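Listed here are the chains, written in short residue letters.
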Amino acid sequence: MLISCGDALIDFVPTKNADGREAVMPAVGGSCLNVAIGIARLGAPTGFVGGISTDLFGRMIADHAAASNVELGLATRSDHQTTLAFVRIVAGESHYAFYDAETATRSWMFRRGSIPFNTVEAVHVGSTTLVIDQGAAETKALIADARASSTISFDPNCRPNLVKDKPAYLARMIEFAASADLVKMSDVDFAYLFGEEPYPERASALLGQGTSLVVITRGNNGAIAWHAKAGQIEVEAPKVEVADTIGAGDSFQAALLFALHKQGRLARQQLKDIGADELRRALSFAANCAGLTCTRPGADPPWSHEISWSW
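Residues numbered from 1 in each chain as written. Predicted model: local features only at pLDDT ≥ 70, side-chain atom pairs only at ≥ 80, totals over all residues. Heavy atoms only, no water.

*Asks:* I'd love a proper account of the pattern of salt bridges, names of residues and values included.
*Replies:* The tally for this structure, following the rule as stated, stands at 16 salt bridges. The salt bridge partner of Lys140 is Glu175, with a shortest N-O separation of 3.2 Å. Taken together, the positions of Lys140 in helix α4 (residues 133-146) and Glu175 in helix α5 (residues 166-178) put the pair 35 residues apart, joining distant regions of the chain. For Glu175, a relative accessible area of 43% corresponds to the partly exposed category. Linked by salt bridges that have partners in common, Arg41, Arg296, Asp300 and Glu306 make up one network. (Salt bridge = Lys/Arg side-chain N within 4 Å of Asp/Glu carboxyl O. Helix = DSSP H or I, 4+ residues; strand = E, 2+ residues; numbered from the N terminus. Buried < 20%, exposed > 50% of the residue type's maximum accessible area, 1.4 Å probe, protein only.)

Okay, structure coming up:
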């Protein structure tokens, strides 16, 4: 099994009403839940770990996850309210306003020994859960429990409007990256965290600390990756008609993890030994899945039957 641990929420995505005026439409989201849904839809056994409310929106989240074949037996249900995020698209980028006080996501706690990690191939973490102290601490405890047997995947998926102390947040993201086998971030996230630092310099530092694979996604410019054995690899983004980019990065992450799983290269040692051709193929598959997600509104990762791909 693959699991994704973190946020599950409702995005209110921009749309137009019958009169052509601006409106919003509720859609299930949350970066880490999106990753779980993306992997499960592609066909790998996947579970979600995190807090999901029992309120109206929480039931909407649970139904959506179950319909996508995500196992929710490891999730924590509570009567805390669901996190809500309102989205606006500015210059092609999604900007968020979060309503996240005392929510189910924030109240989640990891119970040590509660997950049989010897049956878990990989654990993905990241996003808004790591902004708050409790969420970061609980996720660190999960990683400590998982690391002996499971590959760790990390995407900071930064939300600057939630960050109150940027130096502390940066230090936290660097710490999580150092504990991960696979680190993926967007060019926007990289600029927020590391400014003008060259990509290869940061990638080299991470590889030197033990990370096996570092990936930067760059929207229309495709993705670029660094691997200690396979070297530097670039793949193009498919040309598509974009509805919005909500969930595109999560879809890329999910598809990359699925592709590595499909290739038998997701376990820690196998990831270290992956060849350049295999890695390029996995990255290209991920870019195509992200491109398809961009063609429809909200976080809506593709199903396996929607992607024509020969393994």
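*Asks:* An account of the packing of helix α1 (residues 31-42) against helix α8 (residues 248-262) is requested, with residue identities and associated values reported.
*Replies:* Their axes nearest at 8 Å, the elements α1 and α8 cross at an angle of 45 degrees. The angle between α1 and α8 places the two elements in the oblique class. Here the hand of the crossing between α1 and α8 comes out right-handed. Seen from α1, the contacting residues are Ser31, Asn34, Val35, Gly38, Ile39 and Leu42; seen from α8, they are Asp250, Gln253, Ala254, Ala255, Leu257 and Phe258. Residues belonging to the contact of α1 with α8 are distributed by class as follows: 7 nonpolar, 4 polar and 1 charged. (Axes fitted to C-alpha atoms, helices over the stretch in contact; angles between N-to-C directions. Parallel < 35°, antiparallel > 145°, perpendicular 65-115°, else oblique. Left-handed = near helix turned anticlockwise from the far one by under 90°. Contact = heavy atoms within 4.5 Å. Nonpolar A, V, L, I, M, F, W, Y, C, P; charged D, E, K, R; others polar.)

*Asks:* I'd like a rundown of the pairing of strand β12 (residues 182-186), residues and numbers included.
*Replies:* With 5 of its 5 residues buried, β12 lies for the most part within the structure. Alternating positions in β12 separate into two faces, Leu182, Lys184 and Ser186 on one and Val183 and Met185 on the other, with burial throughout. Sheet analysis places strand β11 (residues 151-155) next to β12, joined by 2 bridges and oriented parallel. From the neighbouring strand, Phe154 faces β12, where its bridge partner is Val183. With respect to chirality, the unit in which β11 leads through α5 into the neighbouring parallel β12 is right-handed. Strand direction decides the pairing type here: β12 and strand β13 (residues 213-217), joined by 5 bridges, are parallel. Bridge pairing in β13 links Ser186 to Thr217. (Pairing = 2+ DSSP bridges. Right-handed = clockwise from strand over helix to strand, strands pointing away.)

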